There are 2 protein chains.
Amino acid sequence: MDEFASIRHWTDGRQSEQRLREQGVVVGIGDDAAVVEAPPGEGGALQWVLAVDTMVETVHFNAATMAEADVGWKALAANVSDIAAMGGVPRHALVSVSVPRAWEPARIRRLYDGLYACAEHYGVAVVGGDTTSSPAQLVVAVTVVGTVEAGRAVRRSGAQPGDAVFVTGPIGMASAGLHYLLAAASGEQCVPLAAAEAAGTAALVQAHRRPAPSVRAARVLAARGTVTSLNDVSDGLASEAWEIAESSGVKLTLRESQLPMSGSMAAYARRSGVEPLEWMLYGGEDYVLLGTIAAADAAGAKAALAAEGLPMYVIGTAEAGAAGVELVHDSGNSETGRRAERRVPLAKRGYNHFG
Amino acid sequence: MDEFASIRHWTDGRQSEQRLREQGVVVGIGDDAAVVEAPPGEGGALQWVLAVDTMVETVHFNAATMAEADVGWKALAANVSDIAAMGGVPRHALVSVSVPRAWEPARIRRLYDGLYACAEHYGVAVVGGDTTSSPAQLVVAVTVVGTVEAGRAVRRSGAQPGDAVFVTGPIGMASAGLHYLLAAASGEQCVPLAAAEAAGTAALVQAHRRPAPSVRAARVLAARGTVTSLNDVSDGLASEAWEIAESSGVKLTLRESQLPMSGSMAAYARRSGVEPLEWMLYGGEDYVLLGTIAAADAAGAKAALAAEGLPMYVIGTAEAGAAGVELVHDSGNSETGRRAERRVPLAKRGYNHFG
């Protein structure tokens, strides 16, 4: 198969005409460039939101930790999450894949299977790409283009003293999943989900392989006009909190007792002898949102999300002071009712993937 | 240096506020995603043009053929050329760089030097990126976002029988330059331009390392409303002509005598014992434009481009018939005045980079 035939094989007929039309696709895959316009029926002026994210074999995944389809899903999902973190709607994706020469075409097809599954899940139109060979490892770089109502993008720099700090889902699951996968791996074989199910770690493995960005939650939150900053948790809670703190010039104080912990992560941490806080603070790749919101609207926002079946956890407060992030250890003595709080500054370090 | 400090070092202060403002950049590098809008002062509705292109070390270049800054320039230029090939204006770029662990930070800085030089040359605002490590080779994937007047994008599928076929510059120079570089290379040392100057191949080497896409020519041509198809010559003239022929359902007949040949390429071909037509037809990476235009407007378009100092060469005609590409060998007996035309079908094969 020549290059063009291969690309057609991977991409032709994957998305409905309706999907492409509703995303304003004028020219899709197959010309020098794609042409898109603001989708019909949008009220008011829009701005465009642009993000790129790259996954490299042996840096972000290997043959044991993720199947091809997982890589395709996650490469797109990471970008969808960036668009969500601005309060935008993801619309169009362009895909650069550098494929090791030894790969069978069927493996690339499976990568696209996962990518298109994610695209359909989030209503994204895949409009272009580039396929090259790679001397050694698979490299996937995905760019996503989205829209946001003009002037309504939520940056990371707007947090105010007094704001509540929140996340839109449990944290640390993805790195617990990676911990399990690296321990369970033997050779080049992809660790099967059935093995994770048997081990009680399936939810953790799926959090690592198939992250589900908080697009809908971001839209609900951004529409309230009270969210002052927003980041997606790609590099770990501590690192993302530091970014908001430094960009906004505030101190974020997080309360350990309020950090949302998944039961399966807690159980797996116990069995593995790992301190779960390490995963929750420094794990990364959770792709939930971390943000700040005017304290007066925190309960209202939580109720609005709950009405759509979406979680929101208030985990701390923004305070005046030198930019930084502090964790209040406050979960020790809840049974005795005694206050035994201990404040520790959180290191700025982020997620280091495999290293 | 941590990742964020590095990125700041590579990207901070590289472009003026005015450049960013005139390209409608609302949020640039440094948040989850960039936010852009149609630049102020644009008349009428715009559509957005999106393209991605990837360069992989040992596939598209190696240490001897291109310096870091050349890689940065060319990775952006290849995309600028794709936007031009739709008749659009390139505006925003996102850069994914996967860097071998052994690289000194100064090398990445030089890569960005070339990228920003190209960005300034074409007025493009660099608005985002992702930097990851790479286990072995450098991989650079650049996405460019541009605009085009709504409904005016020039596709490759509109060629009509009777149209004139044209290119916007000489062809084959870039692959002649690569031929020289591969012959002159010894070890990991980048072949210096001074050596090429001494060898009379500097223009060829620069065509390979620093291609100059025909953005302005594309805008002049697209504005006439008579250009029926447009492709950039990235994979070689034959391959691009085939794409137009197949997409449009026409036969393209090219005349050998009318193909624009650079003097330095002809001289280098003679010295090297290479048939220059091979480079001109199957070479690739010239990043000039190949297109079709209503025959009645060919002279007018040529004059309009000449008024701006830009070349245009009519090289053949589109004809009714089965989709395909034919070359008329007609340059043999021009001195005797005898017509000795010979028509040969051109193979569909394209450019294979390093082999």
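Note that the structure is a prediction, hence the values are computed from the model and not measured. (Residues numbered from 1 in each chain as written. Chains lettered and ligands numbered in written order. Predicted model: local features only at pLDDT ≥ 70, side-chain atom pairs only at ≥ 80, totals over all residues. Heavy atoms only, no water.)

### Topic: the interface of chain B and chain A
Item 1. Listed per partner, the contact involves 57 residues of chain B and 57 residues of chain A.
Item 2. Surface buried jointly by chain B and chain A totals about 4,200 Å² across both partners, of which 57% is contributed by carbon and sulfur atoms.
Item 3. Three residues, Asp32, Trp48 and Leu50 of chain B, lead the burial of chain B against chain A; their summed loss comes to 17% of the area buried on that side.
Item 4. Taking the shortest distance from any N to any O, the salt bridge between Asp31 of chain B and Arg156 of chain A comes out at 3.4 Å. (Contact = heavy atoms within 4.5 Å. Buried area = accessible area lost by both parts, 1.4 Å probe. Salt bridge = Lys/Arg side-chain N within 4 Å of Asp/Glu carboxyl O.)

### Details of the UniProt feature "binding site: Mg(2+) 3" (unreviewed entry) in chain A
Item 1. Within this structure's numbering, the places UniProt gives as "binding site: Mg(2+) 3" (unreviewed entry) are Asp32, Asp82 and Asp232 of chain A. These residues run over 201 residues, and the two farthest C-alpha atoms among them are 32.3 Å apart, placing them at more than one spot.
Item 2. Given a relative accessible area of 9%, Asp32 of chain A falls into the buried group.
Item 3. Once you skip the residues sitting within four places of it in the chain, Asp32 of chain A turns out to touch Ala51, Asp82, Ala85, Met86, Arg156, Leu230, Asn231 and Asp232 of chain B.
Item 4. At 3.2 Å, the side chain of Asp32 of chain A forms a polar contact with the side chain of Arg156 of chain B.
Item 5. One can find Asp82 of chain A in helix α3 (residues 68–84).
Item 6. Residue Asp82 of chain A is classed as buried on the basis of its relative accessible area of 7%.
Item 7. Ignoring sequence-local partners within four residues, the contact set of Asp82 of chain A consists of Ala51, Asp53 and Asp232 of chain A together with Asp32 and Ala33 of chain B. (UniProt positions renumbered as here; feature names shortened; annotations may be inferred. Buried < 20%, exposed > 50% of the residue type's maximum accessible area, 1.4 Å probe, protein only. Polar contact = N/O pair within 3.5 Å; in protein donor to acceptor, adjacent residues only side chain to side chain. Helix = DSSP H or I, 4+ residues; strand = E, 2+ residues; numbered from the N terminus.)

### Some thoughts on helix α4 (residues 105–122) of chain B
All names here are of chain B.
Item 1. Taking 1.5 Å as the rise per residue, α4 with 18 residues should run 26 Å; its terminal C-alpha atoms sit 26 Å apart, in good agreement.
Item 2. Of the positions making up α4, those classed as buried are Ile108, Leu111, Tyr112, Gly114, Leu115, Tyr116, Cys118, Ala119 and Tyr122.
Item 3. The positive-phi residue at the C-terminal boundary of α4 is Gly123, with phi of around 70°. (Expected span 1.5 Å × (residues − 1).)

### So, the pattern of salt bridges
Item 1. Enumeration according to the criterion identifies 42 salt bridges over all chains in this entry.
Item 2. Among the salt bridges present, the one from Glu149 of chain A reaches Arg219 of chain A, with a minimum N-O distance of 2.6 Å. Linking Glu149 of chain A in strand β6 (residues 139–149) with Arg219 of chain A in helix α8 (residues 215–224), this pair joins segments that are 70 residues apart in sequence.
Item 3. Overall, Glu149 of chain A belongs to the partly exposed group, its relative accessible area being 28%.
Item 4. As a salt-bridge pair, Glu246 of chain B and Lys348 of chain B come within 3.1 Å of each other at their nearest N and O atoms. Taken together, the residues Glu246 of chain B in helix α9 (residues 237–248) and Lys348 of chain B in the segment after β13 (342–345) connect sequence positions 102 residues apart.
Item 5. Of the residues examined, Lys348 of chain B reaches a relative accessible area of 42% and is grouped as partly exposed.
Item 6. Three or more residues are tied together by salt bridges with common partners; here these are Asp31 and Asp32 of chain A together with Arg156 and Glu243 of chain B.

### Thoughts on the sheet that holds strand β3 (residues 46–56) of chain B
Item 1. Here six strands make up an open sheet; going across it, the order is β1(A)-β2(A)-β3(B)-β6(B)-β4(B)-β5(B) and the pairing mixed. The strands lining the two open edges of the sheet, one partner per strand, are β1 (25–27) of chain A together with β5 (125–134) of chain B. The average undirected angle you get between the axes of adjacent strands in this sheet is 20°.
Item 2. The pairing of strand β2 (residues 34–36) of chain A with β3 of chain B spans three bridges and is classified as antiparallel. Its bridge partner lying in β3 of chain B, Ala34 of chain A is registered against Leu50 of chain B.
Item 3. Along the sheet, helix α3 (residues 68–84) of chain B contacts β3, β4 (89–100) and β6 (139–149) of chain B; its crossing angle with β3 of chain B, the most-contacted strand, is approximately 145°. (Pairing = 2+ DSSP bridges. Axes fitted to C-alpha atoms, helices over the stretch in contact; angles between N-to-C directions.)

### Regarding unusual backbone geometry
Item 1. Located in the positive-phi region is Glu285 of chain A, a residue other than glycine, with phi close to 60°.
Item 2. Backbone geometry at Thr58 of chain B places phi at a positive 75°, although glycine is not the residue there.
Item 3. Turning to its location among the elements, Thr58 of chain B is positioned in the loop between β3 and α3.

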